[in-house]
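Descriptive structure summary
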Amino acid sequence: MTIELHAWNTPNGRKISVALEEMGLPYKVFPVNITKGEQMAPDFLAISPNNKIPAIVDPDGPGGKRVSIFESGAILLYLGEKTGKFLPGPLIERIPVYEWLMWQMGGFGPMPGQVHHFIALEHEQDRAYGLKRYMAETRRLYGVLDRRLADREFVAGPLSVADFAILGWAWRHERHKVSFADFPNVGRWYDALMARPGVKRGMEAKLD
Ligand SMILES: N[C@@H](CCC(=O)N[C@@H](CS)C(=O)NCC(=O)O)C(=O)O
């Protein structure tokens, strides 16, 4: 059955279109124009109480019942559980997926997101402190990722939902002024992922 994807053309939205494509799940996009405040509409809040995209509705959830899910990390884990894809079965193999998914959700998203905010401010005096702080933190996080990828193909070993989560934000590296020349392992990982047909479809899916 077709999954509803409520999203917009942003890093957090792309994580889910990429995962759905890679998992081969049928879905239909319901754009939520966050630049026009549509995330505050009561219908959307009913499935995403934190007024942020993405959210999904699966008419064929656990027990065959309709279920809605918000928070991209929760959605990725749900889809991995549902399909048995990109989420290993044994707990010992899941641990790095949990680690790197939470690492993305807590840092590699919120920090470059702040860069996107401060970089767009009109006045230099408003921009300066925030940009210095969040660009430094964003670069530190890219360094962490680069070291992680020095001796493995994907963050948790085999390709997993954690890679899709991180990719959503790395996809915007130019916007937060990061060059892969400084983080070659991230660049290699990024190119390998972006060359996958499923990732390509997920990145090109119309979300707005
Ligand atoms: N932790 C949330 C963050 C989602 C998020 O920040 N979404 C942004 C777009 S990328 C949004 O909907 N912003 C609208 C708003 O804040 O009102 C997740 O990963 O799902």
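Residues numbered from 1 in each chain as written. Predicted model: local features only at pLDDT ≥ 70, side-chain atom pairs only at ≥ 80, totals over all residues. Heavy atoms only, no water.

**Describing the site of the ligand**
The local shell around the ligand consists of Thr10, Asn12, Lys15, Ile34, Gln39, Asn51, Lys52, Ile53, Pro54, Glu71, Ser72 and Met105. In the environment of the ligand, an oxygen atom lies 2.8 Å from a nitrogen or oxygen atom belonging to the backbone of Ile53. Here Glu71 contributes a side-chain N or O atom positioned 2.7 Å from a nitrogen atom of the ligand. Its free accessible area being 510 Å², the ligand has 77% of it covered by the protein chains. A class-by-class count of the residues in the shell around the ligand yields 4 nonpolar, 5 polar and 3 charged. (Near = heavy atom within 4 Å. Polar contact = N/O pair within 3.5 Å; in protein donor to acceptor, adjacent residues only side chain to side chain. Areas by Shrake-Rupley, 256 points an atom, 1.4 Å probe, with all protein chains shown as cover. Nonpolar A, V, L, I, M, F, W, Y, C, P; charged D, E, K, R; others polar.)

**Observations concerning the layout of surface pockets**
The computed volume of the largest pocket comes to approximately 770 Å³. In terms of lining residues, the largest pocket is bounded by 27 residues, among which Thr10, Asn12, Lys52, Ile53 and Trp169 are the most central. Elements supplying a minimum of two residues to the lining of the largest pocket: α1 (11-23), α4 (91-106) and α5 (110-119). Ranked by residue count, the leading element in the lining of the largest pocket is α5, at 5 residues. Within the lining of the largest pocket, the residues separate by chemical class into 9 nonpolar, 13 polar and 5 charged. The two domains that each donate at least three residues to the lining of the largest pocket are domain 1 (3-86 + 199-204) and domain 2 (91-196). (1 Å grid on protein atoms, 1.4 Å probe; cavity = no way out; pocket = protein on both sides within 12 Å on 5 of 7 lines; lining within 4 Å. Points joined across faces, edges and corners; volume = space filled by probe spheres on them. Helix = DSSP H or I, 4+ residues; strand = E, 2+ residues; numbered from the N terminus. Domains from an automatic or database assignment.)

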